[in-house]
Amino acid sequence: MGAELPDDAVEAMRRAEVVTVFTGAGMSAESGVATFRDVETGLWQRFDPAQIATPEAWASDPGLVWAWYQWRAHIVHEAAPNRGHRALADLERTHTVLIATQNVDDLHERAGSSSVSHLHGSLFAPRCSNCARPYQGIDAEPEQAVHELRVEPPACPACLSPVRPGVVWFGEGLPDDAWRSAASAFTFADVVLVVGTSGVVYPAAGLPERAAARGIPVIEFNPEPSALTGIATHSIRASAAVGLSAMLDALGASG
Ligand code: APR
């Protein structure tokens, strides 16, 4: 089952050299990774992510927060990139593709995309909560399935402070380097794809808005309307996997 693509959306992609892609949790939904606002299932069902992904939760119960993120890293580790991730990697055969993702998973990289900025950090970049040194300890490896509700976070080998998840929590600033590379990706965009995001979290959601304000074509792929549908040149009611692979087929670039 393909997706109906407007001719001028395909034409905008064909003419483009630089394609900037803004992705959210819906990008990974077809890989079996729950979107952020889906109800979590199983062990963590009764926990609201918005309550755990906060500096306050970390301060009051680091063992719970560390276990939750290790569980999420394990889920991602067991998942695989979907056709949408692979379509974006295939697109690099004919275009410069710059991805700015709100996702903390590594599925874009595992699909083969070579330029990915993680605006909200990554499940696979734990760092010391005090000296910010990246942590590479075996106890942060996602191979170990975490089924306990609490796991004491490892201690930083340099300063012995607790190691924290490498993700951005509500109320925290975005990583400077990711923000700068994402902002320049939008500056150089000939076309912007917005895939699988509700578009309600700023400052990230402001990036496609600014591109649209400069007259850059914005093509959204989402089964539902989102807060960014209003600024999209085309909003295609299709999932990431179906919509992006249909676009690649239309461009004749898919492998
Ligand atoms: N393909 C494309 N889009 C999908 C799919 C799919 N298969 N399934 C769901 N969606 C869409 C939903 O319609 C929704 O618009 O993905 C979007 C998911 O929205 P959210 O769960 O709000 O995720 P996201 O937009 O990434 O949230 C942004 O908010 O909670 C913070 O830091 C967190 O990075 C996250 C940010």
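For clarity, every value in this text was computed on a predicted model and none was experimentally measured.

Visitor: Go over the overall build of the chain with me, naming the residues and quoting the values.
Guide: Within the chain, the secondary structure is distributed over 10 helices and 8 strands. Whereas a compact globule of 255 residues would reach a radius of gyration of roughly 18 Å, the chain reaches 18 Å, a difference of no more than 12%. Relative to its 255 residues, the chain shows a buried fraction of 54%. At a minimum sequence separation of 6, the contacts of the chain that also span at least 24 residues come to 72%. Put simply, the chain shows about 11,400 Å² of open surface, and 52% of that area lies on carbon and sulfur atoms. Taking the 17 positively charged and 30 negatively charged side chains of the chain as two groups, their mean positions are separated by 3 Å.

Visitor: Explain helix H5 (residues 62-78) residue by residue, including any values.
Guide: Compared with an ideal rise of 1.5 Å per residue, which puts 17 residues at 24 Å, H5 spans 24 Å between its outermost C-alpha atoms and is within 8% of the ideal. Burial of H5 is extensive: 13 of the 17 residues sit out of reach of the surface.

Visitor: For the sheet that holds strand E8 (residues 234-236), give the residues involved together with the corresponding values.
Guide: Backbone-to-backbone hydrogen bonds pair the strands of a sheet. The strands run either parallel or antiparallel. Taking strand neighbours across the sheet as the criterion, the 6 strands line up as E3-E2-E1-E6-E7-E8 in an open arrangement whose pairing is parallel. Each edge of the open sheet carries a strand with a single partner, namely strand E3 (116-118) and E8. Neighbour-to-neighbour, the strand axes of the sheet open up by a mean angle of 15°, direction not taken into account. Contacts from helix H8 (residues 176-187) reach strand E1 (18-23), strand E2 (96-101), E3 and strand E6 (191-195), with the element oriented near 130° to E3.

Visitor: Tell me about the pairing of E2, and please be specific about residues and values.
Guide: Most of E2 sits inside the fold, with 5 of its 6 residues counted as buried. Of the pairings in the sheet, the one linking E1 to E2 comprises 6 bridges and is parallel in character. Counted as the bridge partner of Thr20 is Leu98 from E2. Pairing between E2 and E3: 3 bridges, direction parallel. In the strand pairing of E3, Ala100 is matched with Ser117.

Visitor: Tell me about the pairing of strand E7 (residues 218-221), and name the residues and values.
Guide: Neither face of E7 is left uncovered, since the one carrying Val218 and Glu220 and the one carrying Ile219 and Phe221 both have all their residues buried. With 4 bridges connecting them, E6 and E7 associate as parallel partners. Residue pairing across strands places Leu193 opposite Ile219, the latter belonging to E7. Traced from E6 through helix H9 (residues 206-213) to E7, the parallel crossover comes out right-handed. Strand direction decides the pairing type here: E7 and E8, joined by 3 bridges, are parallel. By the bridge assignment, Phe221 is partnered in E8 with Ile236.

Visitor: How would you explain helix H6 (residues 83-90) if you had to name every residue and give the values?
Guide: Counting buried residues in H6 gives 6 out of 8 residues, a clear majority hidden from the surface. Within the span of H6, buried status applies to Gly84, His85, Ala87, Leu88, Ala89 and Asp90. Summarising the contacts, the buried residues of H6 are in contact with E1, helix H2 (26-29), E2, helix H7 (107-111), E6 and helix H10 (240-251). Two or three places before Gly84, at the opening of H6, Asn82 has a side-chain oxygen 2.7 Å from that residue's backbone nitrogen.

Visitor: So what's going on with the domain arrangement of the chain? Residues and values would help.
Guide: According to the domain assignment, the chain contains domain 1 (1-33 + 81-124 + 174-255) and domain 2 (34-78 + 127-164). Across the contact, 14 residues belong to domain 1 and 10 residues belong to domain 2. In this assembly, domain 1 packs against domain 2 so that about 890 Å² is buried in total across both faces, 70% of it on carbon and sulfur atoms. Considering only the side of domain 1, the residues that lose the most area to domain 2 are Val33, Leu123 and Phe124, jointly responsible for 54% of the buried surface there. The interface formed by domain 1 and domain 2 contains 0 salt bridges. Its residues assigned to classes, the side of domain 1 that touches domain 2 shows 8 nonpolar, 3 polar and 3 charged.

Rules and cut-offs
- Residues numbered from 1 in each chain as written.
- Predicted model: local features only at pLDDT ≥ 70, side-chain atom pairs only at ≥ 80, totals over all residues.
- Heavy atoms only, no water.
- Helix = DSSP H or I, 4+ residues; strand = E, 2+ residues; numbered from the N terminus.
- Rg over C-alpha atoms; globule rule 2.2 N^0.38 Å.
- Buried < 20%, exposed > 50% of the residue type's maximum accessible area, 1.4 Å probe, protein only.
- Contact = heavy atoms within 4.5 Å.
- Areas by Shrake-Rupley, 256 points an atom, 1.4 Å probe, with all protein chains shown as cover.
- Lys, Arg positive; Asp, Glu negative; His and termini not counted.
- Charge placed at Lys NZ, Arg CZ, Asp CG, Glu CD.
- Expected span 1.5 Å × (residues − 1).
- Pairing = 2+ DSSP bridges.
- Axes fitted to C-alpha atoms, helices over the stretch in contact; angles between N-to-C directions.
- Right-handed = clockwise from strand over helix to strand, strands pointing away.
- Polar contact = N/O pair within 3.5 Å; in protein donor to acceptor, adjacent residues only side chain to side chain.
- Domains from an automatic or database assignment.
- Buried area = accessible area lost by both parts, 1.4 Å probe.
- Salt bridge = Lys/Arg side-chain N within 4 Å of Asp/Glu carboxyl O.
- Nonpolar A, V, L, I, M, F, W, Y, C, P; charged D, E, K, R; others polar.

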